[in-house]
Amino acid sequence: MTHDPTALRALFHAARHGTGLAGHEAALEDAAAHLPLLTAALRLHAARAADAQVYDQPAAFEAFIRGGGNVPLYAQVSAELAAQAAGARSLLDIGCGDGHALFPALAAQPHTLECLTLVEPASALLASAVARAQAEQPALPVQALNEGLGAFAARLQPGDRWDIAQATFALQAVPEDERWAGLARLRAHVGRLVIVEFDVPPLTRGTDAHLLSLAARYERALGEYDGATRELVGQGFLLPMLLGQLDEQTAATNWEHPMPLWRERLAAQGWRVQRLERLCDYFWAPVFVLVAEAG
Ligand SMILES: C[S@@+](CC[C@H](N)C(=O)[O-])C[C@H]1O[C@@H](n2cnc3c(N)ncnc32)[C@H](O)[C@@H]1O
């Protein structure tokens, strides 16, 4: 890890503002000694800044999610979801995305589900999840709701019930007020809640420690891809993510917490947290699973 956050900050500033890296040679040398892949990615980014559309961002995200540490991550998460769903008749997936965690879990073993409810505010992702359900689980009735947790929870009726509600890497994307109120409302309607999230370090945004931690995490992520894939993933996904996270003007779009906070907040709502443990390591932060019973 570099020991000069000031030099690193100057490099990131130049990358964010497209001012080029001329005059930053000393900072680049210092960074390259500790963060060789990230420094190379920043150099390439600066060289290509004039042609910002050169990388196809959906292709970069696809390459990212289907490679590197995402492969073992999703394998572990889907195995965990499959184990949790054993014997369940109804399943609610909140923020299911395109079902990248959900469908491998359903395919992993014969399941006992009689209905599946998908809640997802992004229309294109929900459409992909529905198409995948039709292709892979044609006999399973699916209710697809194009809305967020808050709107969904606000419309719950007394008779609405699911054996399991699950959310993988989705609750971090829900603004905190909406998320905690939604989970509190949900408690009367589900038997068990399964949450998979990142156990992020308790660092304050904007501090040197946070900056160095981000740099080290992205260095690791770049190292999980090779050759042309590293370039595509780095330039089209990881670097834009990192630079976006450093931009103070950008409104936060995720609200993550260290693992113990999830337990505290849910326990305060009356959820009985039965299990809280790390599932696997990942470049961003270790991944944990939390399993809570409603009653
Ligand atoms: C990182 S993705 C995870 C998708 C999927 N669960 C998976 O594991 O691959 C986060 C998801 O949360 C969804 N999301 C964003 N805001 C939400 C909200 N208010 N309520 C429910 N889901 C939301 C996003 O649209 C996105 O599909």
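Rules and cut-offs
Residues numbered from 1 in each chain as written. Predicted model: local features only at pLDDT ≥ 70, side-chain atom pairs only at ≥ 80, totals over all residues. Heavy atoms only, no water. Helix = DSSP H or I, 4+ residues; strand = E, 2+ residues; numbered from the N terminus. Rg over C-alpha atoms; globule rule 2.2 N^0.38 Å. Buried < 20%, exposed > 50% of the residue type's maximum accessible area, 1.4 Å probe, protein only. Contact = heavy atoms within 4.5 Å. Lys, Arg positive; Asp, Glu negative; His and termini not counted. Charge placed at Lys NZ, Arg CZ, Asp CG, Glu CD. Pairing = 2+ DSSP bridges. Right-handed = clockwise from strand over helix to strand, strands pointing away. Near = heavy atom within 4 Å. Polar contact = N/O pair within 3.5 Å; in protein donor to acceptor, adjacent residues only side chain to side chain. Nonpolar A, V, L, I, M, F, W, Y, C, P; charged D, E, K, R; others polar. Axes fitted to C-alpha atoms, helices over the stretch in contact; angles between N-to-C directions. Parallel < 35°, antiparallel > 145°, perpendicular 65-115°, else oblique. Core = buried A, V, L, I, M, F, W, Y, C linked by side-chain atoms within 4.5 Å. Domains from an automatic or database assignment. Expected span 1.5 Å × (residues − 1).

Colleague: Could you give an account of the overall build of the chain, with specific residues and numbers?
Modeller: Along its length, the chain carries 12 helices and 7 strands. Its C-alpha atoms give the chain a radius of gyration of 21 Å, within 12% of the compact-globule value 19 Å for 295 residues. Considered along the principal axes of its C-alpha atoms, the chain spans approximately 65 × 40 × 30 Å. With 295 residues in all, the chain has 47% of them scored as buried. Intrachain contacts of the chain at a sequence separation of at least 6 include 76% that bridge at least 24 residues. Taken as two groups, the 22 positive and 33 negative side-chain charges of the chain have centres that lie 6 Å from each other.

Colleague: Can you lay out the pairing of strand β1 (residues 90-94) for me, pointing to particular residues and giving the numbers?
Modeller: Of all the 5 residues making up β1, 5 are buried; the element is thus mostly covered by neighbouring parts of the structure. Of the two faces of β1, the one holding Ser90, Leu92 and Ile94 and the one holding Leu91 and Asp93 are both buried throughout. Across 5 bridges, the pairing between β1 and strand β2 (residues 115-119) is parallel. Following the sheet pairing, Leu91 is matched in β2 by Leu116. Taken together, β1, helix α6 (residues 102-108) and β2 form a β-α-β motif whose crossover is right-handed. Sheet topology note: the β1/strand β4 (residues 162-168) ladder contains 3 bridges and is parallel. Directly across from Asp93, in β4, lies its bridge partner Gln166.

Colleague: Quick one: what's the story with helix α4 (residues 57-65), residue by residue and with numbers?
Modeller: Ala60, Ala63, Phe64 and Ile65 are the residues of α4 that are buried. At its buried positions, α4 is contacted by α5 (70-85) and α11 (227-246).

Colleague: Which residues make up the site of the ligand, and what values do they have?
Modeller: Not every one of the 18 residues close to the ligand is listed here, only the nearest: Tyr74, Gly95, Glu120, Leu149 and Thr168. The side chain of Tyr74 places a nitrogen or oxygen atom 2.9 Å from an oxygen atom of the ligand. The residue inventory of the shell around the ligand, partitioned by class, reads 11 nonpolar, 5 polar and 2 charged.

Colleague: Run through the packing of helix α2 (residues 25-34) against helix α3 (residues 36-48), naming residues and quoting values.
Modeller: Their axes nearest at 6 Å, the elements α2 and α3 cross at an angle of 140°. Viewed along their axes, α2 and α3 adopt a mutual orientation that is oblique. Facing α2, whose interface residues are Glu25, Leu28, Ala31, Ala32 and His34, α3 presents Pro36, Thr39 and Arg43. Within the contact of α2 with α3, the residues separate by chemical class into 4 nonpolar, 2 polar and 2 charged.

Colleague: I'd like a rundown of the environment of Leu42, residues and numbers included.
Modeller: Here Leu42 shows up in helix α3. Leu42 gets classed as buried once you look at its relative accessible area, which sits at 3%. Measuring from C-alpha to C-alpha, the distance between Leu42 and Gly20 comes to 9.8 Å, with 22 residues separating the pair along the chain. Excluding its chain neighbours within four sequence positions, the residues that come into contact with Leu42 are Leu11, Phe12, Ala15, Leu21 and Leu239.

Colleague: Let's hear about the nonpolar core: which residues, and what values?
Modeller: The tendency in soluble globular proteins is for nonpolar side chains to be buried side by side. Core analysis: the biggest nonpolar cluster contains 68 residues, and Phe12, Leu38, Phe64, Leu238, Trp284 and Val287 have the highest contact counts within it. Taken domain by domain, this core gets at least three of its residues from each of domain 1 (5-54 + 204-246) and domain 2 (71-200 + 256-293). Excluding residues within four positions of it along the chain, Leu38 makes contact with Phe12, Ala215, Tyr218, Glu219, Leu222, Leu239 and Leu242. Judged by nonpolar contacts, the second largest core, of 30 residues, contains Ile94, Val119, Leu156 and Leu183.

Colleague: Can you explain helix α1 (residues 5-17)? Please cite residues and give values.
Modeller: With 13 residues, α1 should cover 18 Å at 1.5 Å per step; its first-to-last C-alpha distance of 18 Å lies within 8% of that length. If you check which residues of α1 are buried, you get Pro5, Ala7, Leu8, Leu11, Phe12, Ala14 and Ala15. In this structure, the buried residues of α1 make contact with α2, α3, α10 (208-222) and α11. At the C-terminal side of α1, Gly18 shows a positive phi close to 60°.

Colleague: Mind laying out the sheet that holds β2, listing which residues take part and the relevant values?
Modeller: Spatially, the 7 strands line up as an open sheet ordered β3-β2-β1-β4-β5-β7-β6, and their pairing is mixed. Both edges of this open sheet fall to β3 (142-145) and β6 (272-280), since each of them pairs with a single strand only. If you compare each strand with its neighbour and ignore which way they point, the axes differ by 15° on average. Of the pairings in the sheet, the one linking β4 to strand β5 (residues 190-198) comprises 6 bridges and is parallel in character. In the sheet register, Thr168 faces β5, and the bridge partner there is Val196. The sheet strands contacting helix α12 (residues 259-268) are β5, β6 and β7 (287-293), and the helix crosses β6 at an angle near 165°.

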